Number of protein chains: 2
Amino acid sequence: MFNTEKQDGVVENPDTETQGYVFNHTMLRVKDPKRSLAFYTGVLGMRLLRRLDFAEMKFSLYFLVKTADENIPEDTKERQIYAFSREGVLEFTHNWGTENDDTQYHSGNSEPKGFGHLCFSVPDIRKACARFEKLGVEFQKKLDSGSMKDIAFIKDPDGYWIEIVQADLNGDMGR
Amino acid sequence: MFNTEKQDGVVENPDTETQGYVFNHTMLRVKDPKRSLAFYTGVLGMRLLRRLDFAEMKFSLYFLVKTADENIPEDTKERQIYAFSREGVLEFTHNWGTENDDTQYHSGNSEPKGFGHLCFSVPDIRKACARFEKLGVEFQKKLDSGSMKDIAFIKDPDGYWIEIVQADLNGDMGR
């Protein structure tokens, strides 16, 4: 079985204590959950697993996954535990009221830089990008611009970048 | 089968065109890949799937996953395609030279805010946090501080926050 690429810094045999660790989610702040949910469910096909409200601290969390056919628990508590167990979860934090004030979140791609993007892999990138155009999605980079012709970047409603790739076109990328 | 929580904005029946879409990765810029790889493989038990170099543009990409036992392709090209197909991938971008200059990336948790954190789910959060302390990991929030006693936040070498949760403790979180 393939374990890990060798590289300066890489621990080749991870501590057995880490065996049950799961990379569960990525959290982004969103200004307006209604428009973010419309985008991630409507344009990208994600499902909303769970919304949690924290009234004293005036914020809500939303947990989304992209999945076609797995068994997601119907029971609310079980589904909430599932949302904290699974890989590939996207979490939104909505601080109440930001949808009505001048809050603008930072994409991480201008100074000060940090976070770069999310990425969705699609079966047919030309078809997907044509669909995004038809839906009026804003592009950061279209397929035919720049030097990398097989990737695109779209923007979510807060301006966060989302890379779009087609896996089987990228086997020869880089060196 | 559970589909989606109902909520303003949520599209309940996603477009069939999105069926094959996968939430593939989250990208963070890192100052020094050696120290980031040491942290994510050594402390969190991730594996390095693939490093890609782009010499003309002077950057490298690193693709990591947290996995215990799945079949990862040995063949380099197949493994690269796999890295663009799978859920739950973490991508680092290293712009060559940042490890030797004064670059400091922005965590997203001070102004201007945006990205918040990654999250790892662990089987036993008290055991995991004791291990992190022993390894000298920096904490943003320890288990016994603040109002939420069942979650912790650690920091990666660039200062990005990583939430630590134990799924079965969080079934009653929020309302």
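Residues numbered from 1 in each chain as written. Chains lettered and ligands numbered in written order. Predicted model: local features only at pLDDT ≥ 70, side-chain atom pairs only at ≥ 80, totals over all residues. Heavy atoms only, no water.

The next subject is the relation of the copies chain A and chain B. Note on the copies: chain A fits chain B at an RMSD of 0.0 Å, the axial shift is 0.0 Å, and the rotation between them is 180 degrees. Expressed as an axis order, the relation between the two copies is that of a two-fold axis. Ranked by how close their C-alpha atoms come to the rotation axis, the residues of chain A are headed by G88 of chain A, at 2.2 Å. (Least-squares fit on C-alpha atoms with pLDDT ≥ 70 in both.)

What follows is about the sheet that holds strand β5 (residues 115-121) of chain B. An order of β2(A)-β3(A)-β4(A)-β1(A)-β5(B)-β8(B)-β7(B)-β6(B) is seen for the 8 strands of this open sheet, with the pairing classed as mixed. Edge strands, defined here as strands with exactly one partner in the open sheet, are β2 (47-54) of chain A together with β6 (139-141) of chain B. Within this sheet the neighbouring strands show an average axis-to-axis angle of 25 degrees, counted without direction. (Pairing = 2+ DSSP bridges. Helix = DSSP H or I, 4+ residues; strand = E, 2+ residues; numbered from the N terminus. Axes fitted to C-alpha atoms, helices over the stretch in contact; angles between N-to-C directions.)

The next subject is the sheet that holds strand β6 (residues 139-141) of chain A. Taken together, 8 strands build an open sheet; the order of strands is β6(A)-β7(A)-β8(A)-β5(A)-β1(B)-β4(B)-β3(B)-β2(B) and the sheet is mixed. For this open sheet the edge positions go to β6 of chain A together with β2 (47-54) of chain B, each flanked by a neighbour on one side alone. In this sheet, neighbouring strand axes are inclined to one another by 25 degrees on average, regardless of whether the strands run parallel or antiparallel. Sheet analysis places β6 of chain A next to strand β7 (residues 152-155) of chain A, joined by 2 bridges and oriented antiparallel. Across the sheet, the residue bridging to F139 of chain A is I154 of chain A, located in β7 of chain A.

Turning to the interface of chain A and chain B, a few remarks are in order. Facing the 99 residues of chain A at the interface are 99 residues of chain B. A buried area of about 8,600 Å², summed over both sides, lies between chain A and chain B, and 56% of it is on carbon and sulfur atoms. Looking only at chain A, the three residues that lose the most surface to chain B are F2, Y21 and F23 of chain A, adding up to 10% of its buried area. Run the count over chain A and chain B and you get 12 salt bridges. D15 of chain A is the partner of R131 of chain B in a salt bridge, and the nearest nitrogen-oxygen pair spans 2.9 Å. There are 63 residue pairs in polar contact (both at pLDDT 80 or more) connecting chain A and chain B. (Contact = heavy atoms within 4.5 Å. Buried area = accessible area lost by both parts, 1.4 Å probe. Salt bridge = Lys/Arg side-chain N within 4 Å of Asp/Glu carboxyl O. Polar contact = N/O pair within 3.5 Å; in protein donor to acceptor, adjacent residues only side chain to side chain.)

Next up on the list: the domain arrangement of chain A. All names here are of chain A. The assigned domain composition of chain A is domain 1 (22-100) and domain 2 (109-175). On a C-alpha basis, the centroid separation for the pair domain 1 and domain 2 is 22 Å. Contact with domain 1, which involves 15 residues of that partner, is made by 14 residues of domain 2. Roughly 1,200 Å² of surface becomes buried between domain 1 and domain 2 when both sides are summed, with 70% attributable to carbon and sulfur atoms. Run the count over domain 1 and domain 2 and you get 1 salt bridge. (Domains from an automatic or database assignment.)

Another point: empty space enclosed by the protein. For the structure on display, the rule yields 2 cavities of 30 Å³ or more. Size it by volume and the largest cavity reaches roughly 70 Å³. Taken together, F23, N24, H25, T26, G88 and V89 of chain A together with F23, N24, H25, T26, G88 and V89 of chain B form the lining of the largest cavity. Elements represented by at least two residues in the lining of the largest cavity include exactly β1 (22-29) of chain A together with β1 (22-29) of chain B. Residue composition of the lining of the largest cavity, grouped by class: 4 nonpolar, 8 polar and no charged. What the second largest cavity holds in volume is close to 50 Å³. In terms of lining, the second largest cavity is formed by H106, S107, G108, P112, K113, G114 and F115 of chain A together with H106, S107, G108 and F115 of chain B. (1 Å grid on protein atoms, 1.4 Å probe; cavity = no way out; pocket = protein on both sides within 12 Å on 5 of 7 lines; lining within 4 Å. Points joined across faces, edges and corners; volume = space filled by probe spheres on them. Nonpolar A, V, L, I, M, F, W, Y, C, P; charged D, E, K, R; others polar.)

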